[in-house]
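As a plain string of letters, each chain reads:
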Amino acid sequence: VSPTSEVLSRSPNLLPISIDTTAFREVLAKDSTGAWFRNSGIITVSSSILATAAAALAGFALSRYRARGTESVTFVMFLGRILPGTLIALPFFVMFRLIGLLGTLPAVIIANTSVILPFATLLMKSYFDSIPRDLDNAARVDGCTMLQALWRVILPVAKTGVAATMAFAATASWVDLLFARTLLLREELWTVPVGISSFISDIQVDWNQLMALGSLSVLPVFVLYWFVQPYIVSGFTAGAVKG
């Protein structure tokens, strides 16, 4: 991180003249920083698993079962994606206050899962549509139920879709600020994005610590995509060339 004098300079340099790690040490020395990363990790892992599992079931149902109203369900899912988050945050706040979950991590997990689920379902449906139905029929002939066929046959084939969906869900949960800021009332339950925003006050902005924590917050996402990238790339290139 550049020194404060360079950050606030009227003519900043393209490359830093000197590097100061004081901001990183100050951020890492705070007890709240570890709590913020832990809370973000719990919310991200829980939301991505729940959203991916529910999206796999819903996407498989939309892909394999054709019934009246299926197109309407897909349209409603698209509609849910274009609604602004601020329009959804207030009903969540009221609902969780009534049931006693306001100010808890499960409230943010449920909110994130519900918002991620529509697009995740459509993403999984597109992968299931590319899988031949002959695999379903072969599994049924061998005595599998539809759920067993999904678990034992279809999901292993669609592992690239599962990886892409989970990566999308994890990223969306990790960077969420709206629900975490609205539903988490105590500082010890804040997530990393809320912690970053806390460095912006009405009087001043602590740019050094803000940028230091922002840089650290990118590392988990980078690690995630480092491991998931082969599956995503193979999913994008599968079937691109046929001969």
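Here the structure is shown first, and the text comes after it.
So, here's what we can say about the structure. Quick caveat: nothing in here was measured; it's all calculated off a predicted structure.

**Side note on a nonpolar patch on the surface**
(1) Moving on: Taken together, the side chains of Phe-75, Val-76, Leu-79, Ile-82, Leu-83 and Leu-87 define a hydrophobic patch exposed on the protein surface, amounting to about 600 Å² of accessible area.
(2) Moving on: It is helix α4 (residues 70-82) that contributes the most residues to the nonpolar patch, four residues altogether.
(3) Moving on: If you trace the backbone, Leu-79 turns up in helix α4.
(4) Moving on: Its relative accessible area of 37% is what places Leu-79 among the partly exposed residues.

**Brief notes about the packing of helix α7 (residues 133-141) against helix α8 (residues 146-157)**
Any two packed helices are characterised by the angle at which their axes cross and by the distance between the axes.
(1) Moving on: Contact geometry for α7 and α8: axes closest at 9 Å, N-to-C directions at 135 degrees. On the basis of their axis angle, the class for α7 and α8 is oblique. With respect to the hand of their crossing, α7 and α8 are arranged in right-handed fashion. Here Leu-135, Asp-136, Ala-139 and Arg-140 of α7 lie close against α8, whose contacting residues are Met-146, Ala-149, Val-153, Ile-154 and Val-157.
(2) Moving on: Residue classes in the contact of α7 with α8 are distributed as seven nonpolar, no polar and two charged.

**What about the pattern of salt bridges?**
Opposite charge on two side chains permits pairing when their charged atoms draw close.
(1) Moving on: All told, the structure shown has three salt bridges when counted by the stated rule.
(2) Moving on: Across the salt bridge formed by Asp-129 and Lys-125, the nearest N and O atoms sit 2.9 Å from each other. Of the two residues, Asp-129 and Lys-125 are both situated in helix α6 (residues 105-129); the distance of four residues between them amounts to about one turn of the helix.
(3) Moving on: With a relative accessible area of 15%, Lys-125 lands in the buried category.

**Remarks on empty space enclosed by the protein**
(1) Moving on: Within this structure, the stated rule accounts for one cavity of 30 Å³ or more.
(2) Moving on: Each pocket or cavity is described by its volume, and for the largest cavity that value is around 40 Å³.
(3) Moving on: Lining the largest cavity, in full, are Ser-40, Ile-43, Thr-44, Val-108, Asn-112, Ser-173, Trp-174, Asp-176, Ala-180 and Thr-191.
(4) Moving on: Counting only elements with at least two residues in the lining of the largest cavity, the list comes to α3 (31-64), α6 and α9 (159-174).
(5) Moving on: In terms of residues, the lining of the largest cavity owes the most to one element, α3, which gives three residues.
(6) Moving on: In terms of residue class, the lining of the largest cavity is built from four nonpolar, five polar and one charged.

What counts and what doesn't
- Residues numbered from 1 in each chain as written.
- Predicted model: local features only at pLDDT ≥ 70, side-chain atom pairs only at ≥ 80, totals over all residues.
- Heavy atoms only, no water.
- Patch = residues over 30% accessible without salt bridge, like charges linked within 9 Å, V, L, I, M, F, W, Y side chains within 5 Å.
- Areas by Shrake-Rupley, 256 points an atom, 1.4 Å probe, with all protein chains shown as cover.
- Salt bridge = Lys/Arg side-chain N within 4 Å of Asp/Glu carboxyl O.
- Helix = DSSP H or I, 4+ residues; strand = E, 2+ residues; numbered from the N terminus.
- Buried < 20%, exposed > 50% of the residue type's maximum accessible area, 1.4 Å probe, protein only.
- Axes fitted to C-alpha atoms, helices over the stretch in contact; angles between N-to-C directions.
- Parallel < 35°, antiparallel > 145°, perpendicular 65-115°, else oblique.
- Left-handed = near helix turned anticlockwise from the far one by under 90°.
- Contact = heavy atoms within 4.5 Å.
- Nonpolar A, V, L, I, M, F, W, Y, C, P; charged D, E, K, R; others polar.
- 1 Å grid on protein atoms, 1.4 Å probe; cavity = no way out; pocket = protein on both sides within 12 Å on 5 of 7 lines; lining within 4 Å.
- Points joined across faces, edges and corners; volume = space filled by probe spheres on them.

Honestly, it's all geometry; don't read function into it.
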